[in-house]
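# Residue-level structural notes
So you can see what is in the structure, the chains are spelled out below.
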Amino acid sequence: MALSSDGGVGYIAPAPPDTPSSNPRLDDGHWHEFDIKRRMVAAGVHFEAGIRKVIEVQIPITKDWQILGHYDGIIRVPDTGQAWLRQVRHLFEAKSSTQGYYWKFMTQGYQQTFPSYFDQIQGYLHGTILGWTEMEDENSPVRALYQGLEDAEIDVECITPDTALIAVKNKDNGSIWTELVPKDDDAFFFLQRRWVAADEA
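Presented here is an overview of the structure given in this document.

## Structural notes on the nonpolar core
- Grouped together as the largest cluster of nonpolar side chains are 26 residues, with contacts concentrated most on Tyr-71, Tyr-110, Ile-121 and Ile-166.
- Mapped by element, the contributors of at least two residues to this core are strand S3 (53-62), helix H2 (99-108), helix H4 (115-125), strand S8 (163-170), strand S9 (176-182) and helix H6 (185-200).
- Not counting chain neighbours up to four residues away, the residues in contact with Tyr-110 comprise Lys-95, Phe-105, Pro-115, Tyr-117, Phe-118, Ile-121, Ile-166, Glu-179 and Val-181.
- Core analysis: the next-biggest nonpolar cluster, separate from the first, contains 18 residues, Ile-36, Met-40, Val-54 and Tyr-146 among them.

## A word on the packing of aromatic side chains
- Here the structure, examined in full by the defined rule, presents 10 aromatic pairs.
- Their ring planes at 90° and their centres at 6.0 Å tell us that Phe-47 and Phe-92 sit as a pair that is edge-to-face. With a gap of 45 residues between them, Phe-47 in strand S2 (residues 46-49) and Phe-92 in strand S6 (residues 88-97) connect regions that are remote in the sequence. In terms of burial, Phe-47 and Phe-92 fall into one category: buried.
- Taking 5.9 Å as the distance between ring centres and 25° as the angle between the ring planes, the aromatic pair formed by Tyr-101 and Phe-114 counts as stacked. One end of the pair, Tyr-101, is in helix H2; the other, Phe-114, is in the loop between helix H3 (110-113) and H4, and 13 residues separate them in sequence.
- Since its relative accessible area comes to 12%, Phe-114 is described here as buried.
- Through successive ring pairs, a cluster of aromatic residues spans Tyr-101, Phe-105, Tyr-110, Phe-114 and Tyr-117.
- Its guanidinium or amino end placed over the ring of Trp-132, Lys-53 lies 5.3 Å from that ring's centre, counting from NZ or CZ.

## Overview of the pattern of salt bridges
- Applying the stated criterion across every chain yields a total of 11 salt bridges.
- A salt bridge links Arg-39 to Asp-35; the shortest N-O distance between them is 3.2 Å. Remark: Asp-35 and Arg-39 occur in helix H1 (residues 28-42); sequence separation between them is 4 residues, near one turn of the helix. We note that Arg-39, like Asp-35, is buried.
- The salt bridge partner of Asp-35 is Lys-169, with a shortest N-O separation of 2.5 Å. In this pair, Asp-35 sits in helix H1 while Lys-169 sits in strand S8, placing the two residues 134 residues apart along the sequence. Taken as a pair, Asp-35 and Lys-169 share a single burial class, namely buried.
- Counted as one network, the salt bridges with shared partners bring together Asp-35, Arg-38, Arg-39 and Lys-169.

What counts as what
- For every chain, the first residue of the written sequence is number 1, and numbering continues from 1 along that sequence.
- Thresholds applied to this predicted model are a pLDDT of at least 70 for local features of residues and 80 or more for the giving and counting of side-chain atom pairs; totals over whole chains, interfaces and linings are not thresholded and use all residues.
- Side-chain numbers here rest on the full set of heavy atoms in the structure, without hydrogens or water.
- What is meant by a nonpolar core is a set of buried Ala, Val, Leu, Ile, Met, Phe, Trp, Tyr and Cys residues, joined one to another through side-chain atoms within 4.5 Å.
- Only protein chains enter the area calculation, which uses a 1.4 Å probe; residues under 20% of their type maximum are buried, those over 50% are exposed, and those in between are partly exposed.
- Counting from the N terminus, the helices are DSSP H or I runs at least four residues long and the strands are E runs at least two residues long.
- Working rule for contacts: check all heavy atoms of both residues, and any pair within 4.5 Å makes them a contact.
- Any pair of Phe, Tyr and Trp rings, taking the six-membered ring for Trp, is counted once the centres come within 6.5 Å. Such a pair is stacked with planes under 30 degrees apart, edge-to-face with planes over 60 apart, and tilted for the rest.
- When the NZ atom of lysine or the CZ atom of arginine is within 6 Å of a ring's centre and also within 35 degrees of its normal, the charge is said to sit over that ring.
- In the sections that follow, a salt bridge refers to a side-chain nitrogen of Lys or Arg positioned within 4 Å of a carboxyl oxygen of Asp or Glu.

Any functional reading would require information beyond the geometric quantities listed.
Right, dumping it as structure tokens:
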């Protein structure tokens, strides 16, 4: 199966079945994020962050209120010719889901399927990068696995991209569907208002 990437979406077929190690700290989400990243690296994607480096970002809610967070990565996508990857530079977020949510994501998009995560992405796209730290074991229990991908991370000054590439992995069969989410000033304005109203309630 291969679907066109027109409109900012694409599909990659399932990888061979794989399972997390017996490490009790290696939870489901950590494993699937690593699996998506290693398949992206195999497709020729370069990471500015997300392999060794953890980007720390500050999201402005009001003049006196900021929220801190971190990205799953920043990527540079060459012309791979693969439908699931869109060429250029993106903020990167990896998610995993069951079949039902995965199908809804494919048919209705990221904002409708995961509205709170969509808000999070808009916060990241409107945030300011504070710096980065080395990915230590407390950040990712799969740190030892990431060491095999370190050559894919390039050393450049990280600047916030204007788009985010969202990759959602179907936990039931391993397929990945991607969507490009652009920076949306109106969405972020109303998000700020909702957060302020919720804080004042």
